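Secondary and tertiary structure notes
If you want the building blocks of each chain, they are given just below.
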Amino acid sequence: MLSLSEFVAEYGGLLFEGTLNSLVMLVVPTLIAYVIGIALGVVLYLTAPGSLRPLPALNGVLGWVVNILRSFPFIVLMVAIIPLTRAIMGTISGIAGVIPPLVLSIAPFVARTVEQSLSEIPRSSVEAVEACGASIPRIVFSALLPETLPSLIRGAALTLIATLGYIAMAGAFGAGGLGDIAIRYGYYRYQTEVMIAAVVIIVVIVQVIQSTCDILARKVDHRSSNR
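Description of the structure in this document.

Rules used in this analysis
- Residues numbered from 1 in each chain as written.
- Predicted model: local features only at pLDDT ≥ 70, side-chain atom pairs only at ≥ 80, totals over all residues.
- Heavy atoms only, no water.
- 1 Å grid on protein atoms, 1.4 Å probe; cavity = no way out; pocket = protein on both sides within 12 Å on 5 of 7 lines; lining within 4 Å.
- Points joined across faces, edges and corners; volume = space filled by probe spheres on them.
- Helix = DSSP H or I, 4+ residues; strand = E, 2+ residues; numbered from the N terminus.
- Phe/Tyr/Trp six-rings, centres within 6.5 Å; stacked < 30°, edge-to-face > 60°.
- Buried < 20%, exposed > 50% of the residue type's maximum accessible area, 1.4 Å probe, protein only.
- Lys NZ or Arg CZ within 6 Å of the ring centre and 35° of its normal.
- Salt bridge = Lys/Arg side-chain N within 4 Å of Asp/Glu carboxyl O.

Remarks on empty space enclosed by the protein
The tally for this structure, following the rule as stated, stands at 1 cavity of 30 Å³ or more. Each pocket or cavity is described by its volume, and for the largest cavity that value is around 30 Å³. The wall of the largest cavity is formed by Ser22, Leu164, Ile167, Ala168, Leu178, Gly179 and Ile202. Looking at the lining of the largest cavity, the elements that each hand over two or more residues are helix 7 (136-170) and helix 8 (177-188).

Some remarks on the packing of aromatic side chains
In this structure the tally under the stated criterion is 3 aromatic pairs. A centroid spacing of 6.0 Å and a plane angle of 80° characterise the contact between Tyr11 and Tyr185, whose relative ring orientation is edge-to-face. Remark: Tyr185 occurs in helix 8 and Tyr11 occurs in helix 1 (residues 4-46); sequence separation between them is 174 residues. Under the relative-accessibility criterion, Tyr11 is labelled buried at 7%. The aromatic ring of Tyr185 is capped on one face by Arg189, whose charged end is 4.4 Å from the ring centroid.

Some thoughts on the pattern of salt bridges
Taken as a whole and judged by the stated rule, the model has 2 salt bridges. With a closest N to O distance of 2.6 Å, Glu115 and Arg112 form a salt bridge. Of the two residues, Glu115 and Arg112 are both situated in helix 5 (residues 94-119); the distance of 3 residues between them amounts to about one turn of the helix. Each member of the pair, Glu115 together with Arg112, is buried. A salt bridge links Asp180 to Arg184, with the nearest nitrogen and oxygen atoms 2.9 Å apart. One end of the pair, Asp180, and the other, Arg184, are both in helix 8, 4 residues apart, so they sit about a helical turn from each other.

Structure below.
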């Protein structure tokens, strides 16, 4: 049994590198997915029946695509889009190889989160802005998205935590990161202490994400500040 100092000396560098890789895989695909997901969510909201620009056909097709992508288990999606991943990234392994499947897994979830958040805005608030002669882009960026910001931030916490779980699973396919370390050292080499350390770091990251998003959501929520 290694002492703490011996453990840090032997595995500290490995765990630090794995943590950095996991954070890169967490942040980069999530940012890309949010750009796509917010756009999809806004379009789904605007084109829904009874909304600002109802287009049932477009809404139905987009909703169908989003639901199909959401229904794919992440591991299955990784395997299914291997040719696409190789064509875009030039590899199917490492950090680069996990970005396309992560984006395709996260973006539909973000789209539905955004659509749901927008749907909760009172119709009277939207009509008031529309009555002032505002264009659709202005309504979206000056009224709809700012109004849903607290909900979007809380949804970001769920998205990031779910993504962290996907990253851990991707470690089994050579993506690297803490999941890869936990599998290689805990499962194949029976070095339980390394696996426990990797899991503890993941738990800490989850707690930081949740706490940070909760604080940010409260700061931007004008309704709570007026109470």
